[in-house]
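This is what each chain is made of:
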Amino acid sequence: MWDLHHIADLPGGSTQLFVGLHLIHEVTSPQAFSALKEKGLSVFCPERTVATVDHIVPTTNQERPFADPLAEEMLSTLERNCFEQGITLHGLHSGKQGIVHVIAPELGLTQPGMTIACGDSHTSTHGAFGAIAFGIGTSQVRDVLATQSLSMKKLKVRRIWVNGKLTEGVYAKDLILHVIKTLGVKAGVGYAYEFGGPGISALSMEERMTVCNMAIEGGARCGYINPDFETFSYLHGTTHSPKGEEWEKAKQWWSNLASEPDAIYDDEVVFDATNIAPTVTWGITPGQGISIEELIPTPDSMDPTDRQIALEAYKYMDLEPGTPIQGSSIDVCFIGSCTNGRLSDLHAAANVVKGRKVANGVKAFVVPGSEAVAKAAKEQGLDNVFRTAGFEWREPGCSMCLAMNPDKLEGRQISASSSNRNFKGRQGSASGRTLLMSPAMVAAAAITGRVTDVRDLITYNPENKRNTE
Amino acid sequence: METISVFPKGLVQTVQGSAIALRGDDIDTDRIIPARYLKCVTFEHLGGHVFADDRKELRDKHPFNNNKSLTYSILIVNGNFGCGSSREHAPQALMRWGIRAIIGESFAEIFYGNCLALGIPCVTSASETIKQIQETVELNPFQEWKLDLCKKNFKSKDDIYFWPINIEDSSREMLIEGNWDATAKLVANKGILKEKLKKLPYLNNFKSI
Ligand code: SF4
């Protein structure tokens, strides 16, 4: 696949790599467009770049102009740039707007065998389709706009093999949080993470996207999963997927892309999905996670290299080492983001919420990942399930995943969040605290007001079985 | 003083100036430049907001607040510096604050690449050496330093202190030969690119199968 996109060798051992799909949004593109103009260049393949707006959009009132003049300026700059350069923009109320990593797969823009780049680190998400997908910086956005290619070094590949299947109440989010807490947040530097094995094949495409989405939190620039029948049935009939005879040929090509069973990897690790319990983070990096049954680790139980950041984490989070995470009280519950803002995520959470009420004093809200997710959820009555329980139902966007819009933690508030980063200050308050967990676990926290094992709230119901999307 | 307005250009072989130590592993790009400052359509004003939240919280205890020199060109960090979001705002903010080179134990990949694309070398050394450098830099705030990419070392101007450093061969070559700005090279290959476009199955209705 790499060779197919190889254009030339560059000084310094890098490759000039053709980019099959370039995704842009309002935050990392304006400076790239300006730089392009400065160099007197125009966009080389405007039809291979697709834009949307997600990071700064308000999720309550989306009337233009936005109340925040800076947000308004960013969106109008994107609109102007796309218009001038002939780039398709899936804007607000187009029916196709949403978080960039949610809409591209939904529209069938993401396909196996492609190279995909976007000025956003969670571009690793698209690797779930058997694409080489990675985040890039603004100067590379400029390069892709100018030449539809960029300078890139070949990555090493670590195969993460997952045996067994996830048990009831345990989700793809738990799986990836478990992998990251085991391998650490630096282990992936220089690597692509290829996920495989029965535990991965059993996952739906939406779950696979959750896994690849967070590969970057383990330090790996790309996540990757071989395309299979599940991949093809997800793509079949989407707006941009091939049709008719072409579909058959495409499937044939895609099937041949899968890595050989006896391929040699730079490194291999094995996990067993059966042993994984709901997992939550207690600290300030996505690697500081524990299973819901465990106690917050004590410094002497850790590798010395992890100790310093752990000490910082206890202090910032105000959590005691050696105590359970279960039962910690929660102020805000956020369901959304490119990790867990898809329809199956909302289903999993709605299952927990149904017939229950949000605990007193807890602010809980749902931000669908895209207009399409919101529409489907409404058609299935999920918005009402959430509203009746006391959740707020919002318009699509990134929202409190990084809090560039008005959705923010206040002061020392602590959130249960289905997003991907628990860094200090990530959710909009310099002292705000974040516990990462699956959407079902966030829903459970909303109901009890505390960190709760969601398995205590769901009764086994084959009809409600983990997403069948 | 003049370093602050002149961004890296052409050959990057040495970086000279004051050095500043910033301790801690896993310092992410959200901390380098908090997300609220990403609301901008130019990078121009980012320099003043570098480490905004940490600086507010730690006041004089944050090295970036405790200015002994007017500008610092060389930043000494620990492990996995620049992890998290791919925002180029992070190296841009550091560059606009004055930083022209970073020495550390290890760097997150996208951050490393973003720095390289700006002509800012990220060089490494062993954990113990880095700690030594940090201590020495802190104890000698008025010392002038020189990072030499050709000779692969970092030393004080008065030659009292000296440490070898590592840098990836390819990055080193690009910096010292002035090839770190990739755009020009990429543009030159547009011809080959067009040829390639005709062969990629997904751009040609999967015809070539
Ligand atoms: S949802 Fe969060 S992680 Fe995903 S693209 Fe938006 S801000 Fe980035």
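Procedures and definitions
Along each chain, residues carry numbers from 1 onward, in the same order as the chain's sequence is written. Following the order in which they are written, the chains are lettered starting with A and the ligands numbered starting with 1. Whole-chain, interface and lining totals are the exception, using all residues; otherwise, since this is a predicted model, local features are given only for residues with pLDDT of at least 70 and side-chain atom pairs are given and counted only at 80 or more. Excluded from the side-chain calculation are hydrogens and water; included are all heavy atoms of the structure. In this description a helix means any DSSP run of H or I spanning at least four residues, a strand means any run of E spanning at least two, and both kinds are numbered starting from the N terminus. As defined in this context, the radius of gyration uses C-alpha atoms, and a globule is described by 2.2 Å times the residue total to the power 0.38. Buried, partly exposed and exposed residues are distinguished by accessible area as a fraction of the type maximum, computed with a 1.4 Å probe on protein chains only: under 20%, between the cut-offs, and over 50%, respectively. Any two residues having at least one pair of non-hydrogen atoms within 4.5 Å are treated as being in contact. In short, Shrake-Rupley with a 1.4 Å probe defines the accessible areas, and a residue's cover is counted only from the protein chains shown. Buried surface area refers to the total accessible area, computed with a probe of radius 1.4 Å, that the two partners give up upon joining, counted for both partners together. By definition, a salt bridge exists where a carboxyl oxygen of Asp or Glu is found within 4 Å of a side-chain nitrogen of Lys or Arg. Two N or O atoms form a polar contact when they lie within 3.5 Å of each other; inside protein one atom must be a possible hydrogen donor and the other a possible acceptor, and for residues adjacent in sequence the pair counts only when both atoms belong to side chains. Segmentation into domains, and thus their bounds, comes from an automatic or database assignment. Ten residue types, Ala, Val, Leu, Ile, Met, Phe, Trp, Tyr, Cys and Pro, are classed as nonpolar, four, Asp, Glu, Lys and Arg, as charged, and the remainder, Gly among them, as polar. Buried residues of nine kinds, namely Ala, Val, Leu, Ile, Met, Phe, Trp, Tyr and Cys, make up a nonpolar core once their side-chain atoms join them within 4.5 Å. Here, any two strands with at least 2 DSSP bridges between them count as paired.

## Considerations on the overall build of chain A
Here comes step 1: Scanning chain A from N- to C-terminus turns up 16 helices and 19 strands.
Here comes step 2: Rg of the C-alpha trace for chain A: 21 Å, near the compact-globule value of 23 Å for 469 residues, within the 12% margin.
Here comes step 3: Here the C-alpha coordinates of chain A stretch approximately 55 × 55 × 45 Å along the principal axes.
Here comes step 4: Expressed as a percentage of its 469 residues, the buried residues of chain A come to 65%.
Here comes step 5: Sequence-distant contacts, at least 24 apart, represent 76% of the contacts inside chain A between residues at least 6 apart.
Here comes step 6: Carbon and sulfur atoms form 50% of the exposed surface of chain A, whose accessible area is close to 15,900 Å².

## What to know about the interface of chain B and chain A
Here comes step 1: Counting residues at the interface gives 52 residues for chain B and 77 residues for chain A.
Here comes step 2: Note on chain B versus chain A: buried area summed over both sides is about 5,400 Å², and carbon and sulfur give 61% of it.
Here comes step 3: If you sort the residues of chain B by the area they bury against chain A, Lys39, Val41 and Tyr202 of chain B come out on top, with a joint share of 14%.
Here comes step 4: At the surface where chain B touches chain A, the tally comes to seven salt bridges.
Here comes step 5: On inspection of chain B and its partner chain A, the count reaches 19 residue pairs in polar contact (both at pLDDT 80 or more).
Here comes step 6: At the level of elements, helix 1 (29-32), helix 4 (109-118), helix 6 (169-176), helix 7 (183-188) and helix 8 (190-197) of chain B are the ones that each hand at least two residues to the side of chain B that touches chain A.
Here comes step 7: Here the side of chain B that touches chain A gets six residues from one element, more than from any other, and that element is helix 8 of chain B.

## Here we look at the domain arrangement of chain A
All names here are of chain A.
Here comes step 1: Here chain A is partitioned into domain 1 (3-152), domain 2 (156-275) and domain 3 (279-468).
Here comes step 2: Spacing between the C-alpha centres of domain 1 and domain 2 amounts to 23 Å.
Here comes step 3: Listed as interface residues are 28 residues of domain 1 and, on the opposing side, 25 residues of domain 2.
Here comes step 4: For the pair domain 1 and domain 2, the two sides together bury roughly 2,100 Å², of which 62% comes from carbon and sulfur.
Here comes step 5: Sorting the residues of domain 1 by area buried against domain 2 places Pro112, Ala128 and Phe129 first, and these three jointly supply 26% of that buried surface.
Here comes step 6: The tally of links between domain 1 and domain 2 comes to 10 residue pairs in polar contact (both at pLDDT 80 or more).
Here comes step 7: Here the element with the most residues in the side of domain 1 that touches domain 2 is strand 7 (residues 132-135); it accounts for four residues.
Here comes step 8: A class-by-class count of the residues in the side of domain 1 that touches domain 2 yields 13 nonpolar, 13 polar and two charged.

## Some words on the nonpolar core
Here comes step 1: Residues Phe386 and Phe391 of chain A together with Leu75, Phe81, Leu94, Ile102 and Phe111 of chain B are the most contacted members of the largest nonpolar core, which totals 131 residues.
Here comes step 2: Broken down by element, the residue count for this core peaks at eight residues, all from helix 16 (residues 439-448) of chain A.
Here comes step 3: Those residues in contact with Leu75 of chain B that lie beyond four places of it in its chain are Ile20, Leu22, Phe64, Phe81, Leu94, Ile99, Ala101, Ile102 and Ile103 of chain B.
Here comes step 4: Within the second largest apolar cluster, 61 residues are counted, among which are Val162, Val185, Ala250 and Ala273 of chain A.

## What to know about the pairing of strand 1 (residues 6-9) of chain A
Residue and element names in this part refer to chain A.
Here comes step 1: Of the strand pairs in this sheet, strand 1 and strand 2 (residues 15-18) are connected by three bridges, and their pairing is antiparallel. Each residue of the ladder has a partner; that of Ala8, found in strand 2, is Gln16.
Here comes step 2: In this antiparallel pair of consecutive strands, strand 1 and strand 2, the connection spans five residues, and Gly12 shows a positive phi of 90 degrees.

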